[in-house]
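# Analysis of the macromolecular model
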Amino acid sequence: MKVKLFLRGVLEIMQMMFREVHKENEHEEAVEEAGFGLFHGLLLVVCGWANASDAVEILCVSFLLPTARCDLHLSSSDMGLLTANIFLGMMIGGYMWGYLADQRGRQKVLVMSLTVNGVFGALASFAPRFWLFLLLRFISGVGVGGSIPVIFSYFSEFQPRLKRGAMISALATFWMAGNILAAGLAWLVIPRTWVRFSLGGLDFQSWRLFVVLCSVPSLTSALIFSLAMPESPRFLMEAGRETEALRVFCRMFAINHRGSLKTFSICGLHIPSEKKERETRRGGTHTLRFVNLKQCLAPIRQLFVGELASRSVCLVIIFYCISFGYYGLWMWFPELFKRAEDGGSPCANVSRLQSHDNQSCYPVKTAVYMEGFVTAASNLPGNIFTVLLMDVIGGKALLCCSLLLSSVSVFLIYEVKTKAQSLLISCVFSGVSVVAWNSLDVLGTELYPTQLRSSALGFFTGIGRVAAIMGNIVFGQLVDTNCAIPVLLVSALLLTGGITALRLPRTKQAELT
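Residues numbered from 1 in each chain as written. Predicted model: local features only at pLDDT ≥ 70, side-chain atom pairs only at ≥ 80, totals over all residues. Heavy atoms only, no water.

A separate point is the overall build of the protein. Within the protein one finds 20 helices and two strands. Expressed as a percentage of its 513 residues, the buried residues of the protein come to 55%. When contacts within the protein are restricted to residue pairs at least 6 apart in sequence, those whose partners lie at least 24 apart make up 84%. (Helix = DSSP H or I, 4+ residues; strand = E, 2+ residues; numbered from the N terminus. Buried < 20%, exposed > 50% of the residue type's maximum accessible area, 1.4 Å probe, protein only. Contact = heavy atoms within 4.5 Å.)

Here it is, written out as structure tokens:
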């Protein structure tokens, strides 16, 4: 009798374990059943356009400074504050929107964050005073900080397991498109002297039109998401809304199998009762409600508990290292180019920077926009490389190798002798470092469960924003007195990030949890 009871207990435990595994696999099975085709192509274009809009909004600041500094009467410290300002907004917005996306839904939060980005970005072009321009750019940065992590969580939850790495890499390539778009717009618009008129006492220069145009991608993305894009089916399943999740899967199937006689074979999704009860208690996910600070910080604590703790610590280090190095160095490439024009290494010339007040803003020189365009285009080989090899090599290996190679390329800046060599090294750094960013996008979505995914990406990108702010401050303080220190510091940090990445778990073609 005791043996029978024991065997019955073992059988019940095995059945419970099987049901739990089945619950986790149900999303993957439904995604596989929905197929892979036109829907995913359309999704890539829509999410890619949103990703490109974020790149445009961030990078447009570096292109408007050469002329905006005269109209807004900016000192060098003001320009440094403006550069860091958007990253401060992104740091705050990254976690705030990420938390709301995990609690209230991806699609709704994307519409709101993209709208904030576009509206306040456009309003900044009409700011007559620097303090108002700074405030509006900060609020725009809050919107940018939300859409970046959420868009990757949203996109990944529609992808079949075997296609996920390549598709996320393809999504990441749209950052390059945004970079090229920003440089191209600046090249076409800012040097044009005919773009100048008075508007209520405001001298509307070409750079202000450039700022308005840079807000268009965000606003159009928000419109498309609000009118045409469904909520993430993975989120709907986690929220206990199985009917809506099934409807999304059926829509995916219908688009992917247009003209086919096949039918979607899954008739229902099993949602654990505790998830339905939790959803009922919090009043559904159809409305956004205010939450207290303790609730907002709860997901951060979960990132550093159990098996998630070690990978979270590693990603904190990696995000800090790559953000400090990439954004800190990127904003100062033009200055290094200028020093190299006089001959010798740009870091060998420690002469005092010329005051911007003594330089003329007009006529606008187009060389900086041409060099920016070339450097942005050099992302292309790295993006193609990651799309083709992400699912073959895996994100961990690509991240390690790209960070180590980025470290070497930055170190070589100390040895360049001409402007052409400086441009070449910047292109190499651009092409190699983009592999690291693409790998982080893939790893970030695969290392964390659904209920923490957007919060985790928002938190880590927030760490990256702190690093970006510090990187710009350090370069601003040291580039004139001892250029070698920030350059070698960036090289050392990238090396540290590459070594730390070795500690991350392998996630190639892993199932989402």
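What follows picks up the thread again.
The next thing to look at is the environment of Val216. Take Val216: it is sitting in helix 8 (residues 206-228). Sequence-wise, Val216 and Asn117 are 99 residues apart; in three dimensions their C-alpha atoms are separated by 10.0 Å.

Turning to a nonpolar patch on the surface, a few remarks are in order. A cluster of nonpolar residues, Trp187, Met370, Phe373 and Val374, forms a patch on the protein surface that exposes about 310 Å² of accessible area. In terms of residues, the nonpolar patch owes the most to one element, helix 15 (residues 367-377), which gives three residues. If you trace the backbone, Trp187 turns up in helix 7 (residues 174-189). (Patch = residues over 30% accessible without salt bridge, like charges linked within 9 Å, V, L, I, M, F, W, Y side chains within 5 Å. Areas by Shrake-Rupley, 256 points an atom, 1.4 Å probe, with all protein chains shown as cover. Salt bridge = Lys/Arg side-chain N within 4 Å of Asp/Glu carboxyl O.)

What follows deals with helix 5 (residues 130-156). Taking 1.5 Å per residue, 27 residues should reach 39 Å; helix 5 reaches 39 Å between its end C-alpha atoms and fits that length. Of all the bends found along helix 5, the most pronounced is centred on Val150 and spans about 25°. Of all 27 residues in helix 5, 22 are buried; the element is thus mostly enclosed. (Expected span 1.5 Å × (residues − 1). Bend = angle between axes of the 7 residues up to and from the residue.)

Time to look at the pattern of salt bridges. Enumeration according to the criterion identifies four salt bridges in this entry. A salt bridge links Arg137 to Glu57; the shortest N-O distance between them is 2.7 Å. Here Arg137, found in helix 5, pairs with Glu57, found in helix 2 (residues 38-71); they are 80 residues apart in sequence, far enough to count as distant. Glu57 carries the same exposure label as Arg137, and that label is buried. Of the charged contacts in the structure, one is a salt bridge between Arg241 and Glu244, with a shortest N-O distance of 2.8 Å.

The next subject is the nonpolar core. One finds Phe225, Leu315 and Leu399 to be the most contacted residues of the largest nonpolar core, which totals 99 residues. Here the element with the most residues in this core is helix 13 (residues 308-330); it accounts for 12 residues. Beyond its immediate sequence surroundings of up to four residues, Leu315 is in contact with Leu440, Leu447, Tyr448, Phe460 and Leu504. Val56, Ala68, Leu82 and Phe130 belong to the second largest nonpolar core, which has 29 residues in total. (Core = buried A, V, L, I, M, F, W, Y, C linked by side-chain atoms within 4.5 Å.)

Empty space among the atoms becomes visible once a probe the size of a water molecule is rolled across them. Scanning all chains against the criterion turns up five cavities of 30 Å³ or more. The space that makes up the largest cavity amounts to roughly 360 Å³. Residue lining of the largest cavity: 22 residues in total, with Ile148, Trp175, Tyr327, Trp437 and Asp441 positioned closest to the centre. Elements with a minimum of two residues in the lining of the largest cavity: helix 5, helix 13, helix 18 (419-446) and helix 19 (450-478). Per element, the largest residue contribution to the lining of the largest cavity is seven residues, and it comes from helix 18. Grouping the constituent residues of the lining of the largest cavity by class yields 12 nonpolar, eight polar and two charged. (1 Å grid on protein atoms, 1.4 Å probe; cavity = no way out; pocket = protein on both sides within 12 Å on 5 of 7 lines; lining within 4 Å. Points joined across faces, edges and corners; volume = space filled by probe spheres on them. Nonpolar A, V, L, I, M, F, W, Y, C, P; charged D, E, K, R; others polar.)

Attention now moves to the packing of aromatic side chains. Under the definition given, this model contains 14 aromatic pairs. Both rings, one in Phe133 and one in Trp207, keep their centres 5.8 Å apart while their planes meet at 80°; by these two values the pair is edge-to-face. Here the residue Phe133 occupies a position in helix 5, and Trp207 occupies one in helix 8, the gap between them amounting to 74 residues. Taken together, the aromatic side chains of Phe87, Tyr326, Tyr327, Phe429 and Trp437 make up a single cluster linked through ring pairs. (Phe/Tyr/Trp six-rings, centres within 6.5 Å; stacked < 30°, edge-to-face > 60°.)

A word on the side chain of Ser323. Here Ser323 shows up in helix 13. Within polar-contact distance, the side chain of Ser323 engages the backbone oxygen of Phe319 at 2.8 Å. Among all residues touching Ser323, those that are not within four sequence positions of it are Gly328, Trp437, Gly464, Ala467 and Ala468. (Polar contact = N/O pair within 3.5 Å; in protein donor to acceptor, adjacent residues only side chain to side chain.)

Further remarks concern the confidence of the model for the protein. Across the protein, the average pLDDT comes to 77, with 76% of residues at 70 or higher. Contacts for the low-pLDDT stretch residues 9-23, under 50 throughout, to residues beyond four places or in other chains number three contacts. (pLDDT = per-residue confidence, 0-100.)

The next thing to look at is the packing of helix 2 against helix 4 (residues 106-123). Here helix 2 crosses helix 4 at 35°, and the two axes come no closer than 11 Å. Here helix 2 and helix 4 pass one another in a crossing that is left-handed. Contacts between helix 2 and helix 4 involve Ala50, Ser53, Asp54 and Glu57 on the former and, on the latter, Leu114, Asn117 and Gly121. In terms of residue class, the contact of helix 2 with helix 4 is made up of two nonpolar, three polar and two charged. (Axes fitted to C-alpha atoms, helices over the stretch in contact; angles between N-to-C directions. Left-handed = near helix turned anticlockwise from the far one by under 90°.)

Compared with the 24 Å implied by 1.5 Å per residue over 17 residues, the 24 Å span of helix 17 (residues 395-411) between its first and last C-alpha is a close match. Burial in helix 17 covers these residues: Gly395, Leu398, Leu399, Cys400, Ser402, Leu403, Ser406, Ser407, Ser409 and Val410. Taken together, the buried residues of helix 17 touch helix 13, helix 16 (379-393), helix 18 and helix 20 (484-500).

Right, let's talk about the packing of helix 6 (residues 164-172) against helix 7 for a bit. Think of two packed helices as two axes; the pair is described by the angle between the axes and how far apart they sit. The N-to-C vectors of helix 6 and helix 7 enclose an angle of 10°; their axes lie 4 Å apart at closest approach. In this view, helix 6 runs roughly parallel relative to helix 7, as classed from their interaxial angle. Listed contacts from helix 7 to Ala170, Leu171 and Ala172 of helix 6 are Phe174, Trp175 and Met176. Its residues placed into classes, the contact of helix 6 with helix 7 shows six nonpolar, no polar and no charged. (Parallel < 35°, antiparallel > 145°, perpendicular 65-115°, else oblique.)

Another aspect to go through is the side chain of Ser378. Looking at where Ser378 falls in the secondary structure, it is placed in the loop between helix 15 and helix 16. A polar contact of 3.2 Å, which involves the side chain of Ser378, links it to the side chain of Ser430. With residues up to four places along the chain from it excluded, the contact list for Ser378 reads Cys427, Ser430 and Gly431.

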